Every structure is written in C-alpha cells, then in structure tokens.
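Topology and contacts: notes
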Amino acid sequence: MRWACSITNPLLKRVQFPSLVTIATDGVVNTLEFFHQYQTRSHGSSVSGDYTNVLMVEALHAQSVKDGSLQNLSMNNYLLDLYVKSSNLHCAHKLFDEMPTQDVRSWTILVSGFARNGYPTVVFECFRKMQTEGVCPNQITLSIVFKCCSSLREFRNGMAIHGWILRNGIAEDIVLENSILDHYVKCRAFDYAIRLFGLMKQKDTVSWNIMIGAYLLLGDVEKSVDLFRSLPFKDVASWNTLLNGLTRNGFERAAVKLLYEMVESGPPLNEFSFSVALVMVSSLSILKLGKQIHSQVLRLGIHNDGFIRNSLVDMYCKCGKMGEALAIFRKMPMENLTVQSEKAATYDKSMEEIVLCSSIVSGYVRNGDYKDAMKTFSTLVCKHVKVDGFTLTSIVSACANARNLGYGRQVHGYIQKVGQKVDTHLGSSLIDMYSKCGSLNDAGMIFRETKSANVVVWTSMISACALHGQGEEALQLFDNMITEGIRPNEVTFVGVLTACSHTGQLEEGCRYFSLMKEYGIKPGIEHFTCIVDLYGRAGHLTKVKEFIDENGISHLTAVWRSFLSSCCLHKNVEMGKWVSEMLLQLEPSDAGPYVLSSNMFANSHSWEEVARVRTLMQQRGVNKLPGQSRI
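Rules used in this analysis
- Residues numbered from 1 in each chain as written.
- Predicted model: local features only at pLDDT ≥ 70, side-chain atom pairs only at ≥ 80, totals over all residues.
- Heavy atoms only, no water.
- Axes fitted to C-alpha atoms, helices over the stretch in contact; angles between N-to-C directions.
- Helix = DSSP H or I, 4+ residues; strand = E, 2+ residues; numbered from the N terminus.
- Parallel < 35°, antiparallel > 145°, perpendicular 65-115°, else oblique.
- Contact = heavy atoms within 4.5 Å.
- Nonpolar A, V, L, I, M, F, W, Y, C, P; charged D, E, K, R; others polar.
- Core = buried A, V, L, I, M, F, W, Y, C linked by side-chain atoms within 4.5 Å.
- Buried < 20%, exposed > 50% of the residue type's maximum accessible area, 1.4 Å probe, protein only.
- Phe/Tyr/Trp six-rings, centres within 6.5 Å; stacked < 30°, edge-to-face > 60°.
- Lys NZ or Arg CZ within 6 Å of the ring centre and 35° of its normal.
- Expected span 1.5 Å × (residues − 1).
- Left-handed = near helix turned anticlockwise from the far one by under 90°.

1. Notes on the packing of helix α4 (residues 73-85) against helix α6 (residues 104-116)
Where α4 contacts α6, the two axes come as close as 10 Å, and the packing angle between them is 5 degrees. If you check the angle between α4 and α6, you find them roughly parallel. Residue-level contacts link Leu73, Asn77, Tyr78, Leu80, Asp81 and Val84 of α4 to Arg105, Ser106, Ile109, Leu110, Ser112, Gly113 and Arg116 of α6. Its residues placed into classes, the contact of α4 with α6 shows 6 nonpolar, 4 polar and 3 charged.

2. Looking at the nonpolar core
Ile165, Ile293, Ile395 and Phe563 are the most contacted members of the largest nonpolar core, which has 176 residues in total. Here the element with the most residues in this core is helix α26 (residues 455-467); it accounts for 8 residues. Sequence-distant contacts of Ile395, defined by excluding residues within four places in its chain, comprise Val361, Ala373, Met374, Phe377, Tyr407 and Val411.

3. Side note on the packing of aromatic side chains
This model, assessed by the stated rule, comprises 19 aromatic pairs. Judged by centre distance (6.3 Å) and plane angle (85 degrees), the rings of Phe114 and Tyr119 are edge-to-face. Judged by centre distance (5.0 Å) and plane angle (80 degrees), the rings of Phe447 and Trp458 are edge-to-face. A residue pair is termed long-range when its members are at least 10 positions apart, and Phe447 in helix α25 (residues 440-449) and Trp458 in helix α26 qualify at 11 residues. As far as burial versus exposure is concerned, Phe447 and Trp458 are alike and both buried. By way of ring pairs, the aromatic residues Phe478, Phe493, Tyr512 and Tyr519 are connected into one cluster. Sitting over the face of the ring of Phe197, Lys203 holds its NZ or CZ atom 5.0 Å from the ring centroid. Positioned above the aromatic ring of Tyr512 is the side chain of Arg511, whose terminal nitrogen or guanidinium carbon lies 4.5 Å from the ring centre.

4. Concerning helix α9 (residues 155-167)
Over its 13 residues, α9 extends 18 Å from the first C-alpha to the last, a length consistent with the 18 Å expected when each residue adds 1.5 Å. Where α9 is concerned, the buried positions are Gly158, Ile161, His162, Gly163, Trp164 and Ile165. Check the buried side of α9 and you find it contacts α7 (120-132), α8 (139-152), α10 (174-186) and α11 (190-199).

5. Details of the packing of helix α16 (residues 271-284) against helix α17 (residues 287-300)
α17 packs onto α16 with a crossing angle of 160 degrees between their chain directions and a minimal axis gap of 9 Å. The angle between α16 and α17 places the two elements in the roughly antiparallel class. α17 is crossed by α16, and the crossing has left-handed handedness. Here α16 contributes Phe274, Ala277, Leu278 and Val281 to the contact with α17, which in turn contributes Leu289, Gly290, Ile293, Gln296, Val297 and Leu300. Per-class residue counts for the contact of α16 with α17 are 8 nonpolar, 2 polar and no charged.

So this is what it looks like as structure tokens:
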C-alpha cells in the first residue's frame, strides 16, 4: 500500500505522544488498546494538536495494516471517522475506496466529512453512487444530503429526494423531517414547508423555530409572533430567531421590548443574542442600551468573540462614539490583520477582521470625519490589510463628500491594482465621486465600463449630468434607461427634475413630474422642491403659490426656502416678504430664512426692512455662522 502514513515515515518522530508511536511500531499491544490510549490522550487537544492528530491517525492506520485488523469493517469505519474528524479527506477517500466492503455507516461518515468541509457537490455524487451500489441511506445520511441541498438552494434535487423517501417508505425521524422542512424554507418553497409542518406528527422546538423563521422571511411578522407565543418551550434559538427577524423586518422597537422580556423571563442570552441586540441598538442609535449590553458582554467574558466585537464597533460608530469604537478596534493588533508571503502581502484573512476595518472606515464617513476615514484607509493599505467592496464604497463616498479628487483617483487606482470587481454599488459611488469633484468625463468613463448597470448606476450618471448643468444629456440618459427596460425609482426622478430645473425646461419638468404616477412613485420633498424651483426660476411665482396650495405642502420648509430664493432672484419684494413670514413661522430659530430675507431687502434698498429682520434675529437669539473660505 502506498500510504504517506507508513510506519517508516520520519514525520512520526514529531508526534507529541512517542509512547503511542512505539506501541504502533513495535506491535507490543493490540490495536484496540492503541485506540483506547489514542482517544484518552488526544481527547481535548486543540489547535496545536491538529497536526499531531493527523500523524496519530496515520500511525494508527499503520498499526492496523501491520496486525491485519484493517480487514474488519468496524475497524475501517473507525479509522475513516478519525480521518474525517481530522479533516484529512484525501486519506479518508483513499481508505474508503480500498475498504473490502462498505456499509451505510461508511458512506454516512464519508458524506458527513465532505459536507462539513464545504463540498456539497461531492456529497451529491457520493449519494448517487451509494444508491447505484445498492446501499440504502439512513436518516442521518439523508439529513446531511438535505442540508447540502439547502446550502446550494437545490430545490429540485431536494424535492426529488423527498419523493424518493416517500416512494421507498423510509421512516422519517424528527431530525430528518426538520432537515426537509428547513430545506423548503431556505429554498423559499413556503407552501411546501407549511404543508409539511402541518403533516408532521411530532414537532420539537427546532421545527417551530424553522417555521417562525419562515414566516419572518415571508414578512408575516404577526404570524411568526403568534407561533412564538404558542410554542410550549422556548429555547434561546427561538428567542434569537424572532429577535433577528423583527430587526430585519424593520420592527426594531418591538424587538427591544422582546429583548427586555427575554432578559426578565427567558433563557440566558448567548453570543448570537448579544450580536443581534447590538444590531438592533445600532439601527435605533440607543447608546444607553448599547452600553448596558457592552457591560454584560464584558462581565460574561465574551467580548473577544468576532461577531460581538464587530457589532460593538458598528454600534458605537452609528451612535457617533468613534472614541469607544476605536478603543475596541485598537485592542486587536494590526499585525493580526496581515499575512506576509515571500513576494508580497496577501489577503488571506477572515471576514470578521475585514468587517471590523470596514466598520471603522464607514463610521468615520457616517460621522462626517472624512479626513480620519482617509487616514485610516491609508493605514490599512500600507499594512497590506485586505479591504472589502463595502469599505471601498465608503472611502469613495468620503472623497466625494470632501471633494478630494486627488485622493479619489488614488483609491480608484488601488481598486484597479488589487483587481477589485467594480459592482453596481462601487461603480455608482465612483460616478458620484468624480461628478462631485468636477470630473464629468471620468464619471462617464466609469458609467460606460460598468457592466450590468442597474437603476442605481443609471441614476448616478443622470444626477451627475444634472449637477454639471448638462440637462439635455441627463434627459437623454433617462430615455435610454427606459428603452433598456430599467424601471426608474424616486431618486432617478429627482435627478431628472433637477436637470429640467437647471436648464429651464418647464414643460418637460411638469411632464416628468406627471410621469411619476405611471410608475407608482409618490412625490416626496425633493420632487416638490424641484417643481417649485422650476416654476420659480421661470418667474411664475403665482404658479408656485398655487402649486403649494394644490398639493398641501405648506408645512415643508424646503419648499418655502426655494420659493424665497426665487423671489430674491426676480426681486419680487412683496411676494418675498410674505414668503419669509411663512418660513419664519416654520423655522423661527434657523438663521437661513433671516439671511435670505435680509439680502432680498438689501438688494431692493429697503433698509428699514433689513433693520427689522436683523432686530428680530437679535430678539430671538438667532446667530448667523460666519462665512468660511479655503483661501
């Protein structure tokens, strides 16, 4: 036999249990005693024992060859199981092929090994070969196969296997039924899942949890809560499923109430519970609750868990506490985030660490600290830390908001250098960055290079043209987008109406505003403001007043601001005075309306009105921020 695990293999000298090797090579005791000692001494060995365990299994295999016990099926299955548990699938498969006979346990051990190590397609091949050779799978084998179907969303394969089970009259235990139920849910075949759940004679907590998750995926929160309340015994997974589902479906406040209920009367929270709770706190920006959760995490000593650490950083970033986020971030040495090779730095790092770096960069961007975002990103790049597409999108947005074209070009160059795929999100951010930094040609280049452009990319390019006063190009792009069969959204129409406003195309703007109804889009503040601005720029101030009354938008301050700007533009002091009074009623503490009114009166030489406005500002304690200049 050509085995790397031969007893003459010099690697065995490195094994940490020399007495066992002596036993294996000298043959002083029988193989069963060797098994017993191997299990006793290797039980509980951790990371440092992984390599040792592989060598020990090889030594064990060599001993069984020597004493002839390899002809025994139980012995083969035992060895096969050890190879699988040590993740040595190559030797496991080789041993399996050389076994004189294989039973259902042999096949199940091999299938579980490939499934555990992420080879679902090999599992399917083994399952088909198993049937060809006339070995009937048991419930454990079938459960493993269904989990692989779920991971690949292989609905047809799963349904065919379920049919085969029913045709052959194979008894379904609760574990197998739950695997089938979970398969249908993950493949979004909810009708099948609901029907199967109703036919199940025996249901455990796992069954109920799967169905609670199914209704949450459907968006039927009420039904999922009803199932949860009717569940006789709720384990921590039941609470976590509902907590996570409520948060994902936008019911964060209901999730907070459920969290308090869980703390009072439910099971102890585990790592996943804390992680979900922190996500919930982040979305609501409840800093006080976030700190309470953080203190509990520290008390339980689970603060070093990757998911919890990332959730804590994200929570503090979204609550505007970058100092606390950085304190957690800096506790992980930057050297842990890098992997050096002979030629250059590589990017073989865990996703948790990448997400942690991404949270810090995006946190700076979210809080408007673009300079520190760029500094942090530069540090990550210099230390050869891999960054994901989300981080790149965040830093490109920082360049756009800071109007830093030079750094933006460097980031774009880095994206090309590392071969990062420019997807629709990153592509639209690059278009926005180049547009806001004044380089419309570069924005157009990114737009043309972006493959499979969706509505986000088209909208970014339309808005870029509108921003640069290229109204005709923006409208032409919109028509091309419709021709391509891409449905516009509300942001697209903001770009189109802005283009019409900047180019003075009143009729076109009104037509596109009416077109929104055909796409089922309800006008928002931005759309109304664009139309007011469109009428105002054209000098139709009376039309603006009528439009505000007809649409019932007199409570929107943005609309009145635009109206007042138009009055200033056309020097209509009378209308401007009335509009400023309306605006000051809505925003008595904002300096903007006072400044606009004062400038309008000053341009018309109405100095008494200027004095009145400034006196009013002083009486109300409103202060104008001084102007600033880069120069």
